[in-house]
Amino acid sequence: MDTFWRLLKAEREKLRRSSCIRMVWFLPLLFILAEFFVFEYKLFGITNVSDELLKIVDSAQIKMAGALWGGFFYPVLIALLPALIFRAEHRNKTWRRLGAMPVTAAQVFAAKTVWVVVLSLASLITVWFLLWVTRSVLHFAAPQIQLSFHGWAIAAVLGWLWLGSLPVMAIYLWISNRI
């Protein structure tokens, strides 16, 4: 087990200089900017709010988390993350050195898998936090629209997205390891 922890630390050191970490926070930030400037920015000029519009706007954040993040940004993240985590070994051709180390290929694959799962979960937590920030900004900037943040519903949507992406992520990891 000590060997596995050392492999996780080695992967962390490789990730520190890679573009994986930047992608984990950049894609959620890009999603929040798209969601804010396309959907929520228009609410700043509204002075009179009907109940029907309030219901639509109140549920829009949950729907955007499922539709825009789950339909476009998260699949892009899931497709690129395994490829980028194996990029260091493929680019520098260090597979022979890994084969000469006193660890098995399965242990290296497991360490990379743990990091991909953790990074994908970190991106979902970042999305949840940024959605909370945008709803707080909207509540402060447009007080005539009293909207609540549906944190549990958004967390459920993001959690189901994460669980649903695990089999696809496993296939992408295997392909990235082999190619």
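The rules we used
Residues numbered from 1 in each chain as written. Predicted model: local features only at pLDDT ≥ 70, side-chain atom pairs only at ≥ 80, totals over all residues. Heavy atoms only, no water. Phe/Tyr/Trp six-rings, centres within 6.5 Å; stacked < 30°, edge-to-face > 60°. Buried < 20%, exposed > 50% of the residue type's maximum accessible area, 1.4 Å probe, protein only. Patch = residues over 30% accessible without salt bridge, like charges linked within 9 Å, V, L, I, M, F, W, Y side chains within 5 Å. Areas by Shrake-Rupley, 256 points an atom, 1.4 Å probe, with all protein chains shown as cover. Salt bridge = Lys/Arg side-chain N within 4 Å of Asp/Glu carboxyl O. Helix = DSSP H or I, 4+ residues; strand = E, 2+ residues; numbered from the N terminus. Contact = heavy atoms within 4.5 Å. Axes fitted to C-alpha atoms, helices over the stretch in contact; angles between N-to-C directions. Parallel < 35°, antiparallel > 145°, perpendicular 65-115°, else oblique. Left-handed = near helix turned anticlockwise from the far one by under 90°. Nonpolar A, V, L, I, M, F, W, Y, C, P; charged D, E, K, R; others polar. Core = buried A, V, L, I, M, F, W, Y, C linked by side-chain atoms within 4.5 Å. pLDDT = per-residue confidence, 0-100. Lys, Arg positive; Asp, Glu negative; His and termini not counted.

## Describing the packing of aromatic side chains
- On inspection of all chains with the given rule, the structure shows 9 aromatic pairs.
- Ring plane angle 80 degrees and centroid distance 5.1 Å describe the contact between F72 and F73, whose orientation is recorded as edge-to-face.
- Overall, F73 belongs to the buried group, its relative accessible area being 7%.

## Notes on a nonpolar patch on the surface
- Residues I21, W25, F26, L29, L30, L33, F37 and Y41 make up a contiguous nonpolar surface patch of roughly 750 Å² in combined accessible area.
- Structurally, F26 can be placed in helix α2 (residues 19-40).

## Some details on the side chain of S123
- Here S123 lies in helix α6 (residues 105-141).
- When its relative accessible area of 0% is taken as the criterion, S123 is described as buried.
- When sequence neighbours within four positions are dropped, the list of residues in contact with S123 reads V24, P28, W69, Y74 and L77.

## Side note on the packing of helix α3 (residues 51-85) against helix α7 (residues 151-178)
- Direction vectors running N to C along α3 and α7 enclose 20 degrees, while the axes themselves pass 9 Å from each other. By the angle between their directions, the pair α3 and α7 is classed as roughly parallel. When the axes of α3 and α7 are compared, the crossing they make is right-handed. Across the interface between the two elements, Q61, I62, A65, G66, W69, G70, Y74, I78, A79, P82 and A83 from α3 touch A153, I154, V157, L158, L161, W162, S165, V168, M169, Y172, L173 and S176 from α7.
- Looking at the contact of α3 with α7 residue by residue, the classes come out as 18 nonpolar, 5 polar and no charged.

## So, the nonpolar core
- Among the nonpolar cores identified, the biggest contains 36 residues, and W69 and Y74 are the most heavily contacted of them.
- Beyond its immediate chain neighbours, meaning those up to four positions away, Y74 contacts W69, S120, S123, L124, L161, W162 and S165.
- In terms of nonpolar packing, the next biggest core, distinct from the first, is built from 6 residues, L43, V57, L138 and I145 among them.

## A short note on the packing of α2 against α6
- One way to put it is that α2 packs onto α6 with a least axis distance of 9 Å and a crossing angle of 30 degrees. With respect to each other, α2 and α6 are oriented roughly parallel. Handedness of the crossing formed by α2 with α6: right-handed. Across the interface between the two elements, C20, I21, V24, P28, L29, F31, I32, E35, F36 and E40 from α2 touch L119, A122, S123, T126, V127, L130, L131, T134, R135 and L138 from α6.
- Its residues placed into classes, the contact of α2 with α6 shows 14 nonpolar, 3 polar and 3 charged.

## What to know about the confidence of the model for the chain
- Per-residue confidence for the chain gives a mean pLDDT of 82; residues scoring 70 or more make up 92%.
- Per-element confidence in the chain is highest for α7, whose mean pLDDT is 89, and lowest for helix α5 (residues 95-100), whose mean pLDDT is 59.

## Re the environment of P102
- Along the chain, the position of P102 falls in the loop between α5 and α6.
- A sequence separation of 99 residues divides P102 from T3, and the C-alpha atoms of the two residues are 8.9 Å apart.

## Things to note about the side chain of E35
- You can see E35 is positioned in helix α2.
- Look at E35: it is buried, it has no salt bridge, and the nearest opposite charge is R135 at 5.6 Å.
- In this view, E35 contacts E40, Q61, M64, L68, L131 and T134; residues no more than four positions away in its chain are not counted.

## Focus on the pattern of salt bridges
- This structure, assessed with the given rule, holds 1 salt bridge.
- A salt bridge links R6 to D2; the shortest N-O distance between them is 2.5 Å. Of this pair, R6 and D2 both sit in helix α1 (residues 2-16), separated by 4 residues, roughly a single helical turn.

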